[in-house]
Amino acid sequence: MEINQLTKVLFAAVIGLSVVMMSLKGFEGQWYRYLFRFILLFSYIIPISLRVNLDMGKAAYSWMIQRDKEIPGTVVRSTTIPEELGRIVYLLTDKTGTLTQNEMVFKRLHLGTVSFSSDTFDEVASHLRTAYVHSGMTVATGATPTSKMRRTIVTRVMESVRALALCHNVTPVYEGGPEGIENAAEADQMTHANFTFQASSPDEVALVSWTESTGLTLIKRDLSSMQLRTPQGVVLSYTILQVFPFTSETKRMGIIVKEENTGEITFYMKGADLVMSSIVQYNDWLDEECGNMAREGLRTLVVGKKTLTEEQYQDFEQRYGQAKLSIQDRAAKVAAVVEGLERDLELLCLTGVEDKLQYNVRPTLEQLRNAGIKIWMLTGDKLETATCIAKSSRLVSRTQTIHTLRPVTSRTEAHLELNAFRRKNDCALVIKGDSLEVCLKYYEHEFMELASQCPAVICCRCSPTQKAEVVRLIKQHTGKTTCAIGDGGNDVSMIQAADAGIGIVGKEGKQASLAADFSILQFSYIAKLLLEHGRNSYKRSASLSQFVIHRGLIISTMQVVFSSVFFFASVALYPGVLMVGYATVYTMFPVFSLVLDKDVPSKIVLTFPELYKDLTKGRSLSFKTFFVWVFISIYQGAVLMYGALLLFEEEFIHIVAISFSALILTELLMVAMTVRTWHWLMVIAEIFSLALYIASLLLFRDFFDSAFILTWGFVWRVMVITLVSCLPLYIIKYLRTKLSPPSYSKLT
């Protein structure tokens, strides 16, 4: 964007300079022809080769990122924006699979009156063995007489575990074993078979794996049937009558199964507490326990069941079939029939699954926060879980307070809540998706102004559309560079809306990774990607741009001086061959070698992430630095041309030899003065370019007087002019470094 603005300024400079030269010459005769000749002569001011150099530089940065052994597996899918990573102000991240591993571990089973955790899961297995003590499906109260409470707990544990073992879309996949199990004897033989569970969601796999650990194992699943193995090795067969899959709208899934031995038909359903609380029968513990588990950072699922008679099921199946055959409003009619079934379910249990944090998430988020990057977490999870993960991952630092925006439904409520939040300082904001929608509807500008100043924002219960909308609003209201990172298909819209999108190759597939500009394997890689590669790419592109602009300005200044001295003649100073050589073989390699330059080592960049803050202010490539380089170009161009005019001998060809040689040496010295960390390829580029030019002096006899070039007079003239053009600039740079050193110099 800065380059486009500078190019417009340079284009205006070409036109303006041509008009000025034409005015001084006088608008006489065919003046328009002379005007166009001046425009052509000064066209070197417009850096046409800049786009080529920058694109080659971006390709080099992309190659360096992919070759970095500290972030293996990183793929750059868009080679046009590596430097965008160097000035990120807002980082928007998903939670599940991004900050967490999406590796679910079953942690808690709550039955209302009793709760089982990882320490007491052996009791669940014991209750299950007791329930299935006989070889058939006879539910026993235990081997010894027990109380009514004891019988109730055993029965409820069995029903809860059975519901978790049946209500899912998990399939056991055998490696080197049979596709399914046909009888009890075969099931017994396959007890130690090598199989894995496969499902679209890792939550489901965690639940079914847990039921296996308690003794009730899923051993076969196809489109129409399921088989479970009890702790005693008995195989129970179920016919799948209907499956209602999970969707992001319904936030629940259900299944109707028929047990083959008894003919009992049962409708099982599990889903988010938000939707299930209105579906299950009245209870006084569900909301409180959901809140408790969420505060521990657990993902909760509510499980319920409903026993159906044959008549009830036949009636449902008939209405369901008719709804599916409807031509108009089919989806609404199907949903209405299913909702008729989803009433007064018996609440069986509440499950809590833990999603482990990704490796090195805490130090990575701390580095990004110290680098001045504001982090927003956009997740579909509930408020308590999101807040807990934000604290445990250090998304919100220990010293910061958290302000939770209360649910708002009207304009007045939104106004009061925003006023209350306005009085808070250095405070992280937590807001729900529906409240966010209300705030944006009535007070979009006010909300974005307040939220954009927060060090961290957590938006929970967010839909994919809302995520993309938040990114768009941040860009619109702040004008700052945004970066979005996610791992699933629901993050694609957010990733594509941001200036730079990063996808993590996770357990939810490669949708986010393929849609993103950059693909990484884990969240911790983002620190090196932004703080080192992003910073280096931006600074290198800034240096490269300034040098290419300087290269065009200096030779155009010399042309202006030459034309002015010779009565505003629209005659080229140098032949076309030399002009082409100047922009390519003589100066291209040293200037392009600046893509290897770096001001501080990698370790220091990651140890002091505060260095990244300077880049977000855009000081590396601004109008201030641009005009500094313009003055440098005018000074050097004037010195080189006037020096050559003062010191040349009898013939005009000597002016060309002296001024062009001094010009090439000046460019090479300027690159050497700019380099902060020398690379062996930079040295080779400098030596190669100089050798190439010396060879040209001897070969191009039409442009250079070989007899004059070999004299001492030529050498000392070129040396004096080059020294006058470069030495003052070096002295100024040295004094500035000593008196006002840049922030990075204090660390090296």
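Report follows, based on the coordinates. (Residues numbered from 1 in each chain as written. Predicted model: local features only at pLDDT ≥ 70, side-chain atom pairs only at ≥ 80, totals over all residues. Heavy atoms only, no water.)

1. Description of the nonpolar core
Selection rule: Take the buried Ala, Val, Leu, Ile, Met, Phe, Trp, Tyr and Cys residues and link them wherever side-chain atoms come within 4.5 Å; each set so joined is a nonpolar core. Note on exposure labels: buried denotes an accessible area under 20% of the residue type's maximum, exposed denotes more than 50%, and partly exposed covers the range between, all computed with a 1.4 Å probe on protein chains only. Note on conventions: DSSP H or I runs of at least 4 residues are helices, E runs of at least 2 residues are strands, and numbering of each starts at the N terminus.
In terms of nonpolar packing, the biggest core is built from 46 residues, with Phe-106, Leu-109, Trp-210, Met-226 and Tyr-268 touching the most fellow members. Element by element, the count of residues in this core is highest for helix H5 (residues 148-166), at 9 residues. Counting residues in each nonpolar core, the second largest holds 44 residues, with Leu-368, Ala-390, Val-396 and Val-430 among its members.

2. Thoughts on helix H12 (residues 361-370)
Restricting attention to buried positions, one finds in H12 the residues Val-361, Thr-364, Leu-365, Gln-367, Leu-368 and Arg-369. Downstream of H12 by a residue or two, Gly-372 has a phi angle that is positive, lying close to 85 degrees.

3. Some details on a nonpolar patch on the surface
Note the following rule: For patch detection, residues must exceed 30% relative accessible area and be free of salt bridges, and they are connected within 9 Å for like charges or within 5 Å for nonpolar side chains (Val, Leu, Ile, Met, Phe, Trp, Tyr). In these tables, accessible area is a Shrake-Rupley quantity obtained with a 1.4 Å probe, and a residue counts as shielded only by the protein chains included in the view. Any carboxyl oxygen of Asp or Glu that lies within 4 Å of a side-chain nitrogen of Lys or Arg is treated as forming a salt bridge with it.
Taken together, the side chains of Phe-11, Ile-15, Val-19, Phe-27, Trp-31, Tyr-32 and Phe-36 define a hydrophobic patch exposed on the protein surface, amounting to about 680 Å² of accessible area. Put simply, the parts of the chain that give the nonpolar patch at least two residues each are helix H1 (2-25) and helix H2 (31-41). Relative to the helices and strands, Phe-27 resides in the loop between H1 and H2. Using a relative accessible area of 43% as the deciding quantity, one classes Phe-27 as partly exposed.

4. Let's talk about the sheet that holds strand E2 (residues 88-93)
Rule in force here: Pairing between two strands requires that DSSP report at least two bridges joining them. We call two residues in contact when some of their heavy atoms are within 4.5 Å. Note on method: axes are straight lines fitted to C-alpha atoms, helices fitted across the in-contact stretch only, with angles between N-to-C directions ranging 0 to 180 degrees.
Taken in spatial order, the 9 strands make up an open sheet running E1-E20-E19-E18-E2-E14-E17-E16-E15, and their pairing is mixed. The open sheet has two edge strands, strand E1 (75-76) and strand E15 (401-404), and neither has a second partner. Where E1 meets strand E20 (residues 518-520), 2 bridges bridge the pair, whose relative direction is antiparallel. When the bridges of E20 are listed, Val-75 appears paired with Ser-519. Running over the sheet, helix H15 (residues 433-451) touches strand E14 (374-378), strand E16 (427-432) and strand E17 (456-460) and is turned about 150 degrees from E16.

5. Quick look at the pairing of strand E8 (residues 225-229)
For E8, the tally of buried residues reaches 5 of 5 residues, placing the bulk of the element in the interior. Residues of E8 alternate between two faces, with Ser-225, Gln-227 and Arg-229 on one and Met-226 and Leu-228 on the opposite face, all of them buried. Connecting strand E7 (residues 217-221) to the antiparallel partner E8 that follows it, the hairpin turn spans 3 residues. Note that E8 and strand E9 (residues 235-244) share 5 bridges and pair antiparallel. By the bridge assignment for E9, Leu-228 is matched with Leu-236. In this structure, the hairpin formed by E8 and E9 is closed by a connection of 5 residues, where Gly-233 is found at a positive phi of approximately 90 degrees.

6. As for the packing of aromatic side chains
To keep it simple, the criterion reads: Aromatic rings from Phe, Tyr and Trp, taking only the six-membered ring of Trp, are treated as a pair when their centres fall within 6.5 Å; an angle between ring planes under 30 degrees marks them as stacked, one over 60 as edge-to-face, and anything in between as tilted. To sit over a ring, a charge needs its Lys NZ or Arg CZ within 6 Å of the ring centre and within 35 degrees of the ring normal.
Under the criterion given, the structure shown has 24 aromatic pairs. Each ring, one from Tyr-90 and one from Trp-376, has its centre 6.4 Å from the other, and the planes form 80 degrees; the classification is edge-to-face. With Tyr-90 in strand E2 and Trp-376 in strand E14, this pair connects stretches of sequence that are 286 residues apart. Like Tyr-90, the residue Trp-376 is buried in the burial classification. Geometrically, the ring pair formed by Phe-589 and Phe-688 is edge-to-face, given 5.5 Å between the ring centres and 70 degrees between the ring planes. Linking Phe-589 in helix H21 (residues 588-592) with Phe-688 in helix H26 (residues 680-699), this pair joins segments that are 99 residues apart in sequence. Overall, Phe-688 belongs to the partly exposed group, its relative accessible area being 40%. By way of ring pairs, the aromatic residues Phe-244, Phe-267, Tyr-313, Phe-316 and Tyr-320 are connected into one cluster. Over the ring of Tyr-34 we find Lys-25; its NZ or CZ atom is 4.8 Å from the centre of that ring. Just above the ring of Tyr-443 sits the side chain of Arg-411; from NZ or CZ to the centre is 5.4 Å.

Just geometry here; none of it tells us what the structure is for.
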